[in-house]
Structure formats: C-alpha cells, structure tokens
Amino acid sequence: MSLPAAVALFSFCAVVIGIVGTRLTRVVDNLADRTGLGEAIAGAVLLGMATSLSGIVVSVSSAWTDKPELAMSNALGGIAVQTLFLTIADMVYRRANLEHAAASLGNLIQGALLLCLLSLLLVGRFAPEWTFWQIHPITPLLFIAYLFGLRLIKNAHTRPMWSPTRTRETREDQPDESAGKLTLKRLWLIFLGLALAIGLTGWLLERSATIIAAETGLSQAAVGVLLTSVVTSLPELVTTIAAVRRGALTLAVAGIIGGNAFDTLFAAASDVAYRGGSIYHVIPNHVMLWVALTVLMTGVLMLGLLHRQEQGPGRIGFESMAIIGLYLAGIIILFN
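Sequence order as written defines the numbering, with residues in each chain counted from 1. Only residues with pLDDT of at least 70 get local features here, since the model is predicted, and only at 80 or more are side-chain atom pairs given and counted; chain-wide, interface and lining totals rely on the full set of residues. The side-chain figures draw on all heavy atoms in the structure; neither hydrogens nor water molecules are used.

**Student:** Explain the overall build of the protein here, please?
**Tutor:** A count of helices and strands for the protein gives 12 helices and zero strands. If you list the helices and strands of the protein from N to C, you get α-α-α-α-α-α-α-α-α-α-α-α. Summary of the burial criterion: residues with accessible area below 20% of their type's maximum are buried, those above 50% are exposed, and those between are partly exposed, where the area comes from a 1.4 Å probe applied to protein chains only. Within the span of the protein, comprising 336 residues, buried residues form 57% of the whole. Here, two residues are considered to be in contact whenever any of their heavy atoms come within 4.5 Å of each other. Across the protein, contacts joining residues at least 24 apart in sequence account for 86% of those joining residues at least 6 apart. Per-residue and other accessible areas follow the Shrake-Rupley method at a 1.4 Å probe size, with only the shown protein chains counted as cover for residues. For the protein, the exposed surface amounts to about 13600 Å²; the carbon and sulfur share of it is 68%. Secondary structure is summarised from DSSP: a helix means a run of H or I of at least four residues, a strand means a run of E of at least two, and numbering begins at the N terminus for each.

This is the structure in structure tokens:
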C-alpha cells in the first residue's frame, strides 16, 4: 500500500469512528436507563469498552506482529488524549465546571481504579522479567484488578456509602423518558453492531499506521501517541461531547475514566499477544514516561472531582488547565 493510500484509509477510519461514536452515545444512554445500570456503570463498561475496541485491536495486532513500542504507545497515548478530551467537554459545557456538575461516587471510584491499574503497569516494568508462557505475572493481575473495580462501582451504584453535596449546577443521573421507544433487544443489537464497526476500523488503522510510520520515518512511539491513539480515541471525544449536549454529564465523565481504565488492559492483552517475553521490559523509557504522565493527569482530574470548583479560568476548572499543560509537556518531551 502506498503512503497516499495509507493516509486515505487512515482518514476514512477516523470519519467512520466519529460517525459511529455519535450514535453509540444515544444507545448507551438508553441502555443505562432501560437496564437500570445507571450512567456511571454504563459509561464505564458499555461506552468505555465499545469506544476502546478500535484501540485494543491496534495494540494487540501491533504486539502480535512484533511492534511492542507501537502497541504500548497507542495504549498509553490513548489514555492521555482521552483525559485531554474531557477538558474539551468541559469547554463545551458552559454552565459550570463539568467536574463540579458531574459529581458522582462511581466516577471517583473509577478514577481510583485507574490509578491502581496504571501503577500496576509501572510495577510490571520494574519487577523482575519473569514470564509464564511468555506472559508476565502482572498481566493477570491487571484483569483481576479491573474486574474487582467494576464490582466496587456496581456496589456504589446500588448501595452508596458516600454522596456529593448537591448544588444548583449539579446534574443528577435521571432516566430519559424517551428511552423506551426501542425494545431492549433492538438496543443491544444496535450496540453490538456499532461496537463491531469500531473494532473493524481499529484493524484497518493498525495497517495504515504501520505504513505511515515506515514511509515518513516517524518512530513507532510518535505514531502511537500522536496518530493511532488520537484516532482510536475519537469515539470517546464524540461520545463525551454528545453526552454533554444530551445533559448526561455523569455518563460523559464515566465514559472517559471508564474507557481509560479499560485501556490499561490494552497493555495486558498486548503482553499476551507479544511472543518475545514480557512486553513491559522491551519498550523504551520515553514510552513508559506516558504511564507517569497519565498517573499525574488522573490524579489532577480526581482532585477536580473532589474539589468541585464551580467556575475557573475561562469558565473551565483548574484541573482542565493543568491536564492541557501536562499533555503538551509530554508531547514536547517525546520529540526531545
């Protein structure tokens, strides 16, 4: 495939992901109401997983074809850029700081879970290079921790032990009266079809990104952080802004944080697919730097969710300003 054809395929996948992502938000919001899951758990599990399918396909196929740097930079860059997308949603929601209005115990637990999962990635890097069937022991721990975190989020929805103070700008998770127009079976079928479309675009993206990296001379890390991670994260941007416009603020924040938590499993899945041993020990330090940056960005986001600043600079929260600065700093470091 030539470079122009690869760029054209890459652009086509970006458009498809954007269109599908818009439709996906409406479907997941309706499923949250019809199934009783609530926006926090639906955003974490359904929206987070579905919008991440293209990214996990890119990472796993890259690891399988012996491109571990692209696999990990796509995963870690995706977490960083999706956190950045939350600041864009904050700009779109003009009434108040989004983290103030979307106060939710579920979102806080998801943030804490994400910090734990990212920390496990760092433990995997600095632990001894032990493997069983070419898989590092930290990989199954990532899956176990993620499932345990989902259980905590579900329990927080059904039996909350903590609740945020309600203000005039707080938007609660209220069922949508129009959610019953489609049958539950039809909603699930539409959801699965849209998720499948996103996964297929990820498979095409990996092939086009490989050619772009080879033809342009960009490193796999640069392609992963700046190209594939951004494009495969477009569903999160589209669905988050769509959720904000629908007034589903808890769903908007949960989709990003929950998607980020699921994205850490890209690394675990990539370790399974990579046949050269522990994937955590073969990637360069400038890729692992993005683990530290995403830990910092997530910590800042959680501070914003806890502090709940109603108005900040430019009508966005201090956490949004800090996240923008951290992401730009990471890009600068990547090219130095």
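**Student:** Would you explain the nonpolar core in this entry?
**Tutor:** A general feature of soluble globular proteins is that nonpolar side chains tend to end up buried together. Among buried residues, those of type Ala, Val, Leu, Ile, Met, Phe, Trp, Tyr and Cys that are joined through side-chain atoms within 4.5 Å constitute a nonpolar core. Of all hydrophobic cores here, the largest spans 85 residues; its most connected members are Y280 and W290. Beyond its immediate chain neighbours, meaning those up to four positions away, W290 contacts L76, A80, V225, Y327, G330, I331 and L334.

**Student:** Would you take a moment to explain unusual backbone geometry for this structure?
**Tutor:** Across residues other than glycine, the phi torsion is negative in most instances, and most of the peptide bonds are trans. Although it is not a glycine, D66 sits at a positive phi angle of roughly 65°. As for its placement among the helices and strands, D66 is situated in the loop between α2 (39-64) and α3 (68-92). Residue classification places D66 among the exposed positions, given a relative accessible area of 54%. Phi at Q134 takes a positive value of approximately 70°, unusual for a residue other than glycine.

**Student:** How should I be thinking about the environment of I190 in this particular structure?
**Tutor:** Looking at the secondary structure, you find I190 in helix α7 (residues 184-216). By relative accessible area, which is 18% here, I190 ends up buried. On a C-alpha basis, the gap between I190 and V27 in space is 7.5 Å, while along the polypeptide they are 163 residues apart.

**Student:** For this particular structure, what's the right way to read the packing of aromatic side chains?
**Tutor:** For any pair of aromatic rings, the description rests on two quantities: the centre-to-centre distance and the angle between the ring planes. Between the rings of Phe, Tyr and Trp (Trp by its six-membered ring), a pair exists once the centres lie within 6.5 Å; its type follows the angle of the planes, with under 30 degrees stacked, over 60 edge-to-face, and the other angles tilted. Evaluated as defined, the whole model comprises four aromatic pairs. Geometrically, the ring pair formed by W188 and F191 is edge-to-face, given 6.0 Å between the ring centres and 85° between the ring planes. Placement of the pair is W188 and F191 together in helix α7, with a separation of three residues, close to one helical turn. Judged by its relative accessible area of 8%, F191 is buried. Note on F262 and F266: the rings are 6.3 Å apart at their centroids and 85° apart in plane angle, and the pair reads as edge-to-face. Placement of the pair is F262 and F266 together in helix α10 (residues 249-273), with a separation of four residues, close to one helical turn.

**Student:** Looking at this structure, I do not really get a nonpolar patch on the surface. What am I missing?
**Tutor:** Taken together, the side chains of W130, F132 and W133 make up a nonpolar region of the molecular surface, amounting to roughly 500 Å² of accessible area. Residue placement: F132 occurs in the loop between α5 (105-126) and α6 (138-158). Take F132: its relative accessible area is 52%, and that puts it in the exposed class. Only residues whose relative accessible area exceeds 30% and that take part in no salt bridge are eligible for patches, with like-charged residues grouped when within 9 Å of each other and nonpolar side chains (Val, Leu, Ile, Met, Phe, Trp, Tyr) grouped when within 5 Å. Salt bridges are defined by distance alone: a side-chain nitrogen of Lys or Arg within 4 Å of a carboxyl oxygen of Asp or Glu.

**Student:** Would you take a moment to explain helix α11 (residues 285-307) for this structure?
**Tutor:** The end-to-end C-alpha distance of α11, which contains 23 residues, comes to 33 Å, matching closely the 33 Å that a straight helix rising 1.5 Å per residue would cover. One or two steps after α11, the chain reaches R308, where phi turns positive at roughly 60°. Take the residue count of a helix, subtract one, and multiply by 1.5 Å to get its expected span.

**Student:** Even after reading the chapter, I still don't get the packing of α5 against α11, so can you show me in this structure?
**Tutor:** For any two helices packed against each other, one specifies the inter-axial angle together with the distance between the axes. As a rule, the C-alpha atoms of each element are fitted with a line to give its axis, helices using only the stretch in contact, and angles between N-to-C directions run from 0 to 180 degrees. The interhelical angle for the contact between α5 and α11, taken along N-to-C directions, is 160°, at an axis separation of 10 Å. On the basis of the axis angle, α5 is roughly antiparallel to α11. As α5 runs across α11, the sense of the crossing is left-handed. Of α11, the residues touching α5 (which contributes N107, L108, G111, A112, L114, L115, L118, L121, L122 and R125) are N285, M288, V291, T294, V295, T298, G299, M302, L305 and L306. Residue polarity is assigned by list, with Asp, Glu, Lys and Arg as charged and Ala, Val, Leu, Ile, Met, Phe, Trp, Tyr, Cys and Pro as nonpolar; anything else, Gly included, falls into the polar class. The residue inventory of the contact of α5 with α11, partitioned by class, reads 13 nonpolar, six polar and one charged. Roughly parallel means an angle under 35 degrees; roughly antiparallel, over 145; roughly perpendicular, 65 to 115; everything else is oblique. Each crossing gets its hand from how the near helix is turned against the far one by less than a right angle, where anticlockwise is left-handed and clockwise is right-handed.

**Student:** Help me understand the environment of L334 in this model?
**Tutor:** Inspection of the secondary structure assignment puts L334 in helix α12 (residues 318-334). With residues up to four places along the chain from it excluded, the contact list for L334 reads A221, A222, V225, H286 and W290.

**Student:** What exactly am I supposed to notice about the environment of A127 here?
**Tutor:** Within the fold, A127 resides in the loop between α5 and α6. Using a relative accessible area of 23% as the deciding quantity, one classes A127 as partly exposed. For the pair A127 and P137, spaced 10 residues apart in sequence, the C-alpha to C-alpha distance is 9.6 Å. Look past the residues within four positions of A127 in its chain and what remains in contact with it is H136 and H281.

**Student:** Mind showing me how you'd approach the side chain of T298 here?
**Tutor:** As for its placement among the helices and strands, T298 is situated in helix α11. Residue classification places T298 among the buried positions, given a relative accessible area of 2%. Polar contacts here mean pairs of N or O atoms no more than 3.5 Å apart (in protein, one a potential hydrogen donor and the other a potential acceptor; neighbouring residues in sequence count only if both atoms are side-chain atoms). Of note is the side chain of T298, whose polar atom sits 2.7 Å from the backbone oxygen of T294. When sequence neighbours within four positions are dropped, the list of residues in contact with T298 reads G111, L114, L115 and L118.

**Student:** Just checking my understanding: could you explain the side chain of T294 for this structure?
**Tutor:** Its place among the elements puts T294 in helix α11. At 2.8 Å, the side chain of T294 forms a polar contact with the backbone oxygen of W290. Once residues within four sequence positions are removed from consideration, T294 is found in contact with L76, I79, A80 and L118.

Remember, this is a structural readout, not a statement about activity or role.
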